[in-house]
Amino acid sequence: MSDVAPEAARPRGLVFTFLAGVALPSVSIAVETTTHICAEQFFDPIPTLWHVLLVVFVPLANLQVWLALRKGRADRATLLGAANAFATGVSLFYTVIYLPLLPLGVIALIFFGLGLLPMAPVGSLVACLIMRRQLRRLAPPSFALRFSGLAAGVAGALLAVALMELPAALTRVGLRKAASDSPAVRDEGLRWLRTYGSRDFMLRACYERSGRATDLAGFVLSLGGEVVSPEEARQIYYRVTGEAFNTRVPPARLKGRWEPQETFDFDPDRGGEVIAGKVRGLALAGSRVDGSVDADAGVAYVEWTMVFRNDSASQQEARAEVQLPPGGVVSRLTLWVDGEEREAAFASRGQTRAAYQQVVSRRRDPVLVTTSGRDRVRVQCFPVQPSGGEMKIRFGVTAPLSLEDGGGLGALRLPYLLDRNFAIRDSAAHAVWVESGNPLKAAGDALSAEHPKAEVYAVRGELKDSELSGAGGVVRAERSPGAKEAWATDTFKGDGSVVRQFVGEEPGAAASEIVLVVDTSRRAGRVAGEVAAALDSLPPGVNVKVLPAGGNGFYEEGGGALTSGAPAEGARRVEKIVFEGGADSVPALGRALDVASDEPGGVVVWVHGPQPLLLTPVEELRQRWERRPEGPALYSVQTEAGPDHVAEKLDGVAGFVPVPRFGGLRADLEDLFGRLAGTKKRLRFVRVSEPPKKAPAAAEGAKKSSAHLARLWANDEVGRMLGDRDGNRTDEAIRLAARYQLVTPVSGAVVLETRQQYEQAGLKPVEPGSVPTIPEPETIVLLAVATGLLAFACLSRRRAAQGGAV
């Protein structure tokens, strides 16, 4: 006996209900999951796995009801009725969501034969209602499909949708508030997001480049007002979490596409000036730091060699921001091409970047170094070839030593990474070797001191990345008593000029008032106790004003209440500060500069964590220094390694003084506070250029050194030119930096692959013989030894020849 009901018993319209309730929804789901048309152009109808299961349930439930109607029996009427009611509710929800797109669907259907996809929900809804009526006729007499059952099923479906959409809806409401121009509404939104918001949905909003929401709740909310842009969402994400969006793993689903997180290669900033997040498969495969210290001359030269490896399936660009030693300058850049070393060309910043970007677009081998703030550079190289390809670069840094212990010690702060888009595995370490003609000692236990041969001292070992950026990355050299002066021939001028260097006392009067701006970001809160303890080291007579930076939902944009009193009172105020999310320090810095200007001898000290986003333009800060050139200085103390876009934008401002880190935060702050209070003195090197007719060697105790002294003088001179308020000397500064082969705020260094590329860019690489090498400071000694050996060999050969003739 056949299971199929006779033709007379079949309900009418089975073909329509199958097409509208089963076929069309199935095709719509299949098309959306493979092409993502709706997600990319309008909104994502299935933003989570739960949404996928929900919409797949509709054609499956309709198919079961349709088969029962086709057979003419409703053996499982209760189950079929509940499934139908639930599918009706889901169809009703999506019909409402798709209503704004129905006119577009009708137009596309009439003119192009397309447009059925937006009609799938309404077609499914009509099919569900028709089949429910037909199912009611087939139900046993003892069972009736009442309206209450339909209402309960629809309510259950809508409740399920609401639970899935609730995190997105709450997050969208908070984003709207947090993007408000009103500080009060914005702070309310930030607090709302910390309590009710979903970080996953906030992160997804940071990647929505189309400007439309990628979830249903977001789409509905966007119809009633302005949409929060990705740029606004990124700032809000930082204010809420204290982390930049691109430091987190990207969302698994964007614009409808499921992307395995371990293979996500989203890098829209290739060739640009943004480091961005970590690129999948790109890692630092090797790192070595070689240094040479001329302690008595107070100069050091450090070369950092890096090898990048790319295990992804596409070419990648390696980008990093590097902290240089205080007063350091990049003076060499090398790229290995097919195993051969290629040296850089030094020219204007714009010219070198344009050459780099042009070669990057052709997927050839360039490497570029430019400044990203005082004593900071940005390094980028492309392409690191896929599937295990490697790229090797090296950059050299010329740096003065920092004088300690009354000039008896010279400290070298090794360069370290501030930000990067590549991974450093836990097992990886930086191989360090620093040597000198004077005894050396390292700050930590990771580096060990050696005395490999007569008159050569060294420290060597391996440092983890966190150790290199910490106190372990500091090497100190003993200086000979009375080492007050050094000199070197300026080979770059070629006229016999010399550069003389003297030890002098750092100028500056004792500060009568310190305005302490405290970054209230979450990461800065880790060291609040050290800041408070350092304040206690100040003399009681110094007035301390504490100003918490705001904009994170706990303090106003310009900072919280400004307190004033003795150092001990300032310490107690710091201990009461709330550290949460990410703060905006720029408005508070402007307010602090105004306060410090009201008191003669006032200074500003800004203690802060990394500043990965620039939430407020710094032009008003720069204006204060331009209009008040004799105004208060701003000392910037960063608590840990990381990017600082505020410092980058203030590069070249004489009143902005980044404080180098040589030890723990408390010790470094106590040293700074002691200098500001006048209880400690700091020595520094002063360099001057003199014509050849003067005789620096005649000065008693003067140490002859290398061309690095000339490079440091030129770097100082570039800074003076750029700070000259009486005239624009930028072009002159560019020419000077290029002649001395330096990376400065107005110049860069770039290595290209072929000579033709250099010619097309109007650049010329430096001669290999003009670049510094390791060990640079002892080169003269080595040349003298080599010359002596050569003379001895020639003399021996002459004597042997004479003996043979006799």
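Note that the structure is predicted; figures quoted are calculated from it, not measured. (Residues numbered from 1 in each chain as written. Predicted model: local features only at pLDDT ≥ 70, side-chain atom pairs only at ≥ 80, totals over all residues. Heavy atoms only, no water.)

Student: Is there a simple way to think about the overall build of the protein chain in this case?
Tutor: Across its full length, the protein chain holds 23 helices and 30 strands. Out of the 806 residues belonging to the protein chain, those deemed buried represent 52%. By sequence separation, contacts in the protein chain at least 24 residues apart represent 78% of the contacts at least 6 residues apart. When the accessible area of the protein chain is evaluated, it comes to approximately 35500 Å², of which 55% is carbon and sulfur surface. (Helix = DSSP H or I, 4+ residues; strand = E, 2+ residues; numbered from the N terminus. Buried < 20%, exposed > 50% of the residue type's maximum accessible area, 1.4 Å probe, protein only. Contact = heavy atoms within 4.5 Å. Areas by Shrake-Rupley, 256 points an atom, 1.4 Å probe, with all protein chains shown as cover.)

Student: What is the right way to look at the nonpolar core in this model?
Tutor: Grouped burial of nonpolar side chains is what soluble globular proteins tend to show. If you look at the biggest cluster of nonpolar residues, it comprises 66 residues, and the most contacted ones within it are Phe308, Phe395, Phe422 and Val434. Apart from residues lying up to four places away in sequence, Phe422 is in contact with Lys278, Leu282, Ala283, Leu284, Phe308, Ala318, Arg319, Ala320 and Leu417. Counting 33 residues, the second-largest nonpolar core is a separate cluster that includes Ala524, Val531, Val542 and Leu676. (Core = buried A, V, L, I, M, F, W, Y, C linked by side-chain atoms within 4.5 Å.)

Student: How do you make sense of the pattern of salt bridges when you look at a structure like this?
Tutor: Pairing between side chains of opposite charge can happen when the charged atoms of each approach one another. A complete count under the given rule lists 35 salt bridges for this structure. Between Asp294 and Lys703 there is a salt bridge whose closest N-O contact spans 2.7 Å. Separated by 409 residues along the polypeptide, Asp294 in strand S3 (residues 282-294) and Lys703 in strand S29 (residues 703-704) bring together distant segments of the chain. Taking the relative accessible area as the measure of exposure, Asp294 reaches 4% and is therefore buried. Judged by its relative accessible area of 29%, Lys703 falls in the partly exposed class. The closest approach of N and O atoms between Asp668 and Arg661, which form a salt bridge, is 2.6 Å. Classification of Asp668 as buried rests on a relative accessible area of 11%. Where salt bridges share partners, they join Glu303, Arg332, Glu341, Glu343 and Arg394 into one cluster. (Salt bridge = Lys/Arg side-chain N within 4 Å of Asp/Glu carboxyl O.)

Student: In this structure, what is going on with unusual backbone geometry? I would like to understand it.
Tutor: Excluding glycine, most residues fall at negative phi; most peptide bonds, likewise, are trans. In this model, Phe382 is joined to Pro383 through a cis peptide bond whose omega is -5 degrees. As for its placement among the helices and strands, Pro383 is situated in strand S10 (residues 376-384). A positive phi angle is found at Asp338, which is not glycine, with a value near 55 degrees. If you check the backbone angles, Ser387 has positive phi at about 55 degrees while not being a glycine. Looking at the element boundaries, Ser387 is found in the loop between S10 and strand S11 (389-400).

Student: How do you make sense of helix H19 (residues 665-677) when you look at a structure like this?
Tutor: Within an α-helix, residues lying three or four positions from one another point in the same direction, as the helix has 3.6 residues per turn. Along its 13 residues, H19 runs 18 Å from first to last C-alpha, staying within 8% of the 18 Å computed at 1.5 Å per residue. Of all the positions in H19, only Leu665, Asp668, Leu669, Leu672, Phe673, Gly674, Arg675, Leu676 and Ala677 are classed as buried. Where the residues of H19 are buried, they touch strand S22 (513-518), helix H14 (528-535), strand S25 (602-608) and strand S26 (634-638). (Expected span 1.5 Å × (residues − 1).)

Student: Is there a simple way to explain the pairing of S26 in this structure?
Tutor: For a regular strand, side-chain orientation follows a simple rule: the groups alternate between the two sheet faces. In terms of residue burial, S26 counts as a mostly covered element, since 5 of its 5 residues are buried. On S26, burial covers both faces: Leu634, Ser636 and Gln638 on one face and Tyr635 and Val637 on the other are all buried. Two strands pair when backbone bridges link them, and S25 and S26 are joined in this way by 5 bridges, in the parallel orientation. Bridging from a neighbouring strand, Trp606 pairs with Ser636 of S26. Once you follow S25 into helix H17 (residues 619-627) and on to S26, the crossover reads as right-handed. (Pairing = 2+ DSSP bridges. Right-handed = clockwise from strand over helix to strand, strands pointing away.)

Student: Would you mind going over the sheet that holds strand S9 (residues 367-371) with me for this structure?
Tutor: Neighbouring strands of a sheet are bound in pairs by backbone hydrogen bonds; such pairs are parallel or else antiparallel. Judged by pairing direction, the sheet is antiparallel, and its 6 strands sit side by side in the order S8-S30-S9-S10-S5-S14 without closing on themselves. This sheet does not close on itself; its edge strands, each paired only once, are strand S8 (345-348) and strand S14 (416-420). Each strand of the sheet is rotated relative to its neighbour by a mean of 25 degrees, with strand direction disregarded. Two elements, strand S5 (residues 316-323) and S10, share 7 bridges in a ladder whose sense is antiparallel. (Axes fitted to C-alpha atoms, helices over the stretch in contact; angles between N-to-C directions.)

Student: When you look at the packing of aromatic side chains in this model, what are you seeing that I'm missing?
Tutor: By convention here, two paired aromatic rings are described through the distance between centres and the angle between planes. Summed over all chains, the structure comprises 8 aromatic pairs. Relative to Tyr94, the ring of Phe93 lies with its centre 5.4 Å away and its plane at 90 degrees, an arrangement referred to as edge-to-face. With respect to burial, Phe93 and Tyr94 carry one shared label: buried. Three or more aromatic residues joined by ring pairs form one cluster here, namely Phe492, Trp713 and Tyr740. Cation over ring: Lys392 sits above Trp336, and NZ or CZ is 4.3 Å from the ring centre. (Phe/Tyr/Trp six-rings, centres within 6.5 Å; stacked < 30°, edge-to-face > 60°. Lys NZ or Arg CZ within 6 Å of the ring centre and 35° of its normal.)

Student: So what exactly am I meant to see when it comes to a nonpolar patch on the surface here?
Tutor: Judged by side-chain polarity, Leu92, Val96, Leu99 and Leu158 come together as a nonpolar surface patch covering roughly 310 Å² of accessible area. By the secondary structure assignment, Val96 is in helix H4 (residues 77-98). (Patch = residues over 30% accessible without salt bridge, like charges linked within 9 Å, V, L, I, M, F, W, Y side chains within 5 Å.)

Student: Looking at this structure, how should I read the sheet that holds strand S13 (residues 409-413)?
Tutor: Spatially, S12-S13-S19-S16 is the arrangement adopted by the 4 strands of the open sheet, whose pairing is antiparallel. Of all strands in the sheet, those with a lone pairing partner are strand S12 (402-404) and strand S16 (440-442), marking the two edges. Direction aside, neighbouring strands of the sheet carry axes that sit 30 degrees apart on average. Relative to S13, S12 runs antiparallel, the two sharing 3 bridges. From the neighbouring strand, Glu404 faces S13, where its bridge partner is Leu409.

Student: Teacher, can you tell me more about the packing of helix H3 (residues 49-71) against H4 here?
Tutor: Helix-helix packing: each pair is described by the crossing angle between the helix axes and the interaxial distance. Two elements in contact, H3 and H4, have axes whose closest approach is 9 Å; the angle formed by their N-to-C orientations is 135 degrees. In terms of axis orientation, H3 runs oblique to H4. In this structure, the crossing between H3 and H4 has a hand that is left-handed. Contacts from His51, Leu54, Val55, Phe57, Val58, Ala61, Asn62, Gln64, Val65 and Ala68 in H3 reach Leu80, Ala83, Asn84, Phe86, Ala87, Val90, Ser91 and Tyr94 in H4. (Parallel < 35°, antiparallel > 145°, perpendicular 65-115°, else oblique. Left-handed = near helix turned anticlockwise from the far one by under 90°.)

Student: Explanation requested: the side chain of Asp584 in the structure shown.
Tutor: The residue Asp584 is located in the loop between helix H15 (567-575) and helix H16 (586-597) in this model. With no salt bridge to any partner, buried Asp584 finds its closest opposite charge in Arg239, at an N-O distance of 4.2 Å. In this structure the side chain of Asp584 is engaged in a polar contact, spanning 3.3 Å, whose partner is the backbone nitrogen of Val586. (Lys, Arg positive; Asp, Glu negative; His and termini not counted. Polar contact = N/O pair within 3.5 Å; in protein donor to acceptor, adjacent residues only side chain to side chain.)

Student: It is not clear to me how the confidence of the model for the protein chain should be interpreted in this structure. Could you clarify?
Tutor: Keep in mind that low pLDDT regions are not for reading the predicted coordinates in detail. Of all residues in the protein chain, 85% have pLDDT values of 70 or greater, and the mean over the chain is 84. Here residues 777-795 is a poorly scored stretch, pLDDT under 50, and it has 9 contacts once near neighbours within four places are set aside; other chains count. (pLDDT = per-residue confidence, 0-100.)

Student: How do you make sense of the pairing of S3 when you look at a structure like this?
Tutor: Of all the 13 residues making up S3, 10 are buried; the element is thus mostly covered by neighbouring parts of the structure. With 12 bridges joining them, S3 and strand S4 (residues 299-310) adopt antiparallel strand pairing. Along S4, the bridge assignment pairs Ser292 with Tyr301. Hairpin geometry of S3 and S4 is characterised by an intervening segment of 4 residues between the two adjacent antiparallel strands and by a positive phi of about 70 degrees at Gly298. By the bridge criterion, 6 bridges tie S3 to strand S15 (residues 430-436) in an arrangement that is parallel. Across the sheet, residue Val293 finds its bridge partner in S15, namely Ser436.

Student: I'm lost on the environment of Ser521 in this one. Help?
Tutor: Structurally, the position occupied by Ser521 is in the loop between S22 and H14. When the C-alpha atoms of Ser521 and Thr241 are compared, they prove to be 8.8 Å apart, with 280 residues separating the residues in sequence. Those residues in contact with Ser521 that lie beyond four places of it in its chain are Tyr238, Phe579, Glu580, Gly581, Gly582 and Ala583.

Student: Explain the packing of helix H1 (residues 14-35) against helix H6 (residues 120-138) to me, please; I cannot follow it from the model alone.
Tutor: Packing of H1 against H6 brings their axes to within 8 Å, and their N-to-C directions diverge by 145 degrees. Judged by the twist between their axes, the crossing of H1 over H6 is left-handed. Here Phe16, Thr17, Ala20, Gly21, Leu24, Pro25 and Ser28 of H1 come into contact with H6, specifically with Ala120, Gly123, Ser124, Val126, Ala127, Ile130 and Met131.

Student: Looking at this structure, I do not really get the environment of Ala714. What am I missing?
Tutor: Along the chain, the position of Ala714 falls in helix H20 (residues 708-722). Distance from Ala714 to Ala737, taken between C-alpha atoms, is 7.0 Å for residues 23 residues apart in sequence. Dropping the residues within four chain positions of it, Ala714 is found in contact with Leu736, Tyr740 and Leu742.

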